[in-house]
Amino acid sequence: MKIAFIGLGNMGGGMAANLVKAGHEVSAFDLSAEALARAGESGCATFDTVPEAVAQAEAVVTMLPNGAIVRSVYTADVIGKAPAGALFLDCSTIDLATTREVAALAQDAGYAMVDAPVSGGIAAANGGTLTFMVGGEEDAFARAAPVLEPMAKAVIHAGQIGSGQIAKMCNNMLLAIHMIGTCEALALAQKAGLDPQTFYEISSKSTGYNWSLNDYTPAPGIGAKSPADNDYQGGFASALMLKDLRLAIKAAGDVSATVPMGQHAQAIYEAFVENGGGGKDFGAIFTTL
Ligand code: NAD
């Protein structure tokens, strides 16, 4: 298949490489010359502009930093420039309103579009083991699934357009909350005189078990291997967790949902990022307790 890929950063670079490995013809564009050169080394054809990259595409995949950039790329350079009937897949994590607005503009111009944000970080993007949560019509999902599969461990149809973003923001709000709770429990156990490894052995097999504790233990040298064992380098940056929490809390405000724990998690990550922790893995909240 002819696939255009726009946004070849930390995530998109590996994703585009996996599409090439699956035998697709991938035409790539990124504002960064460095990112574009890496895509060329992975076997993508590289282009100087978005319209040139999408000119022959049957599917256009975008993996961009935020909603404003997604809106401007689609409205200025993809809609009306890609061949009629092409399928658009936005894999970026962005706000619901922009997702729905861009999809409506695409549909009005005769294109099908899905939102397909991902769970899994850079290692999963490189390894082709991302989980895609996909929002869109049934027939758009049926067309999107084979495009996503070479990059995926799982491709799940979440519902109508925007449902992927809803799933993603709710998942990551929950992740932030159980990460902070796990950090608090580990720190309290230790301060109260219990060996934290013993606490891990007990709680990971008791009702406190959860992914942050069992599979990504945020205390150095305790439990599962995680970025905590490497001074919180790599992993999922706190700044990206804060971005996702802001999207969730904004959406909660828009629909009058009550999310006190989500709001508290946002305040905790805001303070951590303001104090210079943005580049550290999100488990580094442990070091603040
Ligand atoms: P990144 O900053 O590494 O990559 C984004 C790329 O987009 C950059 O190479 C940048 O040059 C390019 N870009 C920016 N504006 C552009 C434009 N107008 N036209 C073309 N290219 C443009 O970010 P990332 O970590 O790859 O994240 C991408 C998306 O994936 C974000 O929405 C993020 O929230 C989401 N995400 C990231 C992770 C992660 O662990 N990094 C995990 C899940 C989801």
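Residues numbered from 1 in each chain as written. Predicted model: local features only at pLDDT ≥ 70, side-chain atom pairs only at ≥ 80, totals over all residues. Heavy atoms only, no water.

*Asks:* Run through the overall build of the chain, naming residues and quoting values.
*Replies:* When helices and strands are tallied, the chain shows 12 helices and 9 strands. The C-alpha radius of gyration computed for the chain amounts to 20 Å, which stays within 12% of the reference 19 Å derived for 289 residues, consistent with globular compactness. Along the first, second and third principal axes, the C-alpha set of the chain runs to 65 × 45 × 35 Å. The contacts of the chain with a sequence gap of at least 6 include a subset with a gap of at least 24, amounting to 63%. With the model as given, the accessible surface of the chain reaches about 12,800 Å², and the carbon-plus-sulfur share is 56%. Treating the 16 positive side-chain charges of the chain as one cloud and the 28 negative ones as another, the clouds have centres 3 Å apart. (Helix = DSSP H or I, 4+ residues; strand = E, 2+ residues; numbered from the N terminus. Rg over C-alpha atoms; globule rule 2.2 N^0.38 Å. Contact = heavy atoms within 4.5 Å. Areas by Shrake-Rupley, 256 points an atom, 1.4 Å probe, with all protein chains shown as cover. Lys, Arg positive; Asp, Glu negative; His and termini not counted. Charge placed at Lys NZ, Arg CZ, Asp CG, Glu CD.)

*Asks:* Any chance you could break down the site of the ligand for me, citing the residues and the numbers?
*Replies:* Around the ligand lies a shell of 23 residues, among which Asn-10, Met-11, Asp-30, Leu-64 and Lys-243 are the nearest. The contact in question runs from a nitrogen atom of the ligand to an N or O atom on the backbone of Leu-31, over 3.5 Å. The separation between an oxygen atom of the ligand and a polar main-chain atom of Leu-64 is 2.8 Å. Starting from 840 Å² of accessible surface for the ligand in isolation, the protein chains cover 83%. Of all the cavities here, the one that holds the ligand is the largest pocket. (Near = heavy atom within 4 Å. Polar contact = N/O pair within 3.5 Å; in protein donor to acceptor, adjacent residues only side chain to side chain. 1 Å grid on protein atoms, 1.4 Å probe; cavity = no way out; pocket = protein on both sides within 12 Å on 5 of 7 lines; lining within 4 Å. Sits in = over half its atoms within 2 Å of the grid points.)

*Asks:* Lay out the pairing of strand β9 (residues 152-159) in plain terms, naming residues and giving numbers.
*Replies:* For strand β8 (residues 130-135) and β9, the ladder comprises 6 bridges, and the chain directions are parallel. Paired with Gly-135 across the strands is Gly-159, a residue of β9. (Pairing = 2+ DSSP bridges.)

*Asks:* Quick one: what's the story with helix α7 (residues 138-148), residue by residue and with numbers?
*Replies:* When we look at burial in α7, the residues that qualify are Ala-140, Phe-141, Ala-144, Ala-145, Val-147 and Leu-148. Taken end-on, α7 shows its buried residues confined to a sector of 160 degrees, consistent with a single buried face. Counted as exposed and oriented over 90 degrees from the buried face of α7: Glu-138, Asp-139 and Ala-142. (Buried < 20%, exposed > 50% of the residue type's maximum accessible area, 1.4 Å probe, protein only. Arc of directions from axis to C-beta.)

*Asks:* A description of the pattern of salt bridges should follow, citing residues and the corresponding values.
*Replies:* Counted under the stated rule, the structure contains 6 salt bridges. A salt bridge links Arg-38 to Glu-34, with the nearest nitrogen and oxygen atoms 3.8 Å apart. Here Arg-38 and its partner Glu-34 are both found in helix α2 (residues 33-41), 4 residues apart, which amounts to about one turn of the helix. Classification of Arg-38 by relative accessible area gives partly exposed; the value is 42%. (Salt bridge = Lys/Arg side-chain N within 4 Å of Asp/Glu carboxyl O.)

*Asks:* Describe the packing of helix α11 (residues 238-254) against helix α12 (residues 260-277), listing the residues and the values that go with them.
*Replies:* Look at α11 against α12: their axes get within 9 Å of each other, and the N-to-C directions meet at 145 degrees. In this structure, α11 crosses over α12, and the sense of that crossing is left-handed. On the side of α11, the interface is formed by Ser-238, Ala-239, Met-241, Leu-242, Leu-245, Arg-246 and Ile-249, while α12 contributes Gly-262, Gln-263, Ala-265, Gln-266, Tyr-269, Glu-270, Phe-272, Val-273 and Gly-277. Residue classes in the contact of α11 with α12 are distributed as 9 nonpolar, 5 polar and 2 charged. (Axes fitted to C-alpha atoms, helices over the stretch in contact; angles between N-to-C directions. Left-handed = near helix turned anticlockwise from the far one by under 90°. Nonpolar A, V, L, I, M, F, W, Y, C, P; charged D, E, K, R; others polar.)

*Asks:* Account for the layout of surface pockets, naming residues and giving values.
*Replies:* Roughly 1,300 Å³ of internal volume is contained in the largest pocket. Lining the largest pocket are 46 residues, with Met-11, Met-63, Gly-120, Phe-236 and Leu-240 sitting closest to its centre. Those elements that provide at least two residues to the lining of the largest pocket are α4 (67-78), β7 (118-119), α6 (122-127), α8 (163-191) and α11. Here the lining of the largest pocket gets 6 residues from one element, more than from any other, and that element is α8. Considering only residue class, the lining of the largest pocket consists of 24 nonpolar, 16 polar and 6 charged. (Points joined across faces, edges and corners; volume = space filled by probe spheres on them.)

*Asks:* Lay out the packing of α8 against α12 in plain terms, naming residues and giving numbers.
*Replies:* Where α8 contacts α12, the two axes come as close as 9 Å, and the packing angle between them is 70 degrees. Relative to α12, the element α8 is oriented roughly perpendicular. Across the interface between the two elements, Met-173, Ala-176, Ile-177, Met-179 and Ile-180 of α8 pack against Met-261, Gly-262, Ala-265, Ile-268 and Tyr-269 of α12. Of the residues in the contact of α8 with α12, the class split is 9 nonpolar, 1 polar and no charged. (Parallel < 35°, antiparallel > 145°, perpendicular 65-115°, else oblique.)

Geometric descriptors of this kind do not, in isolation, establish any biological role.
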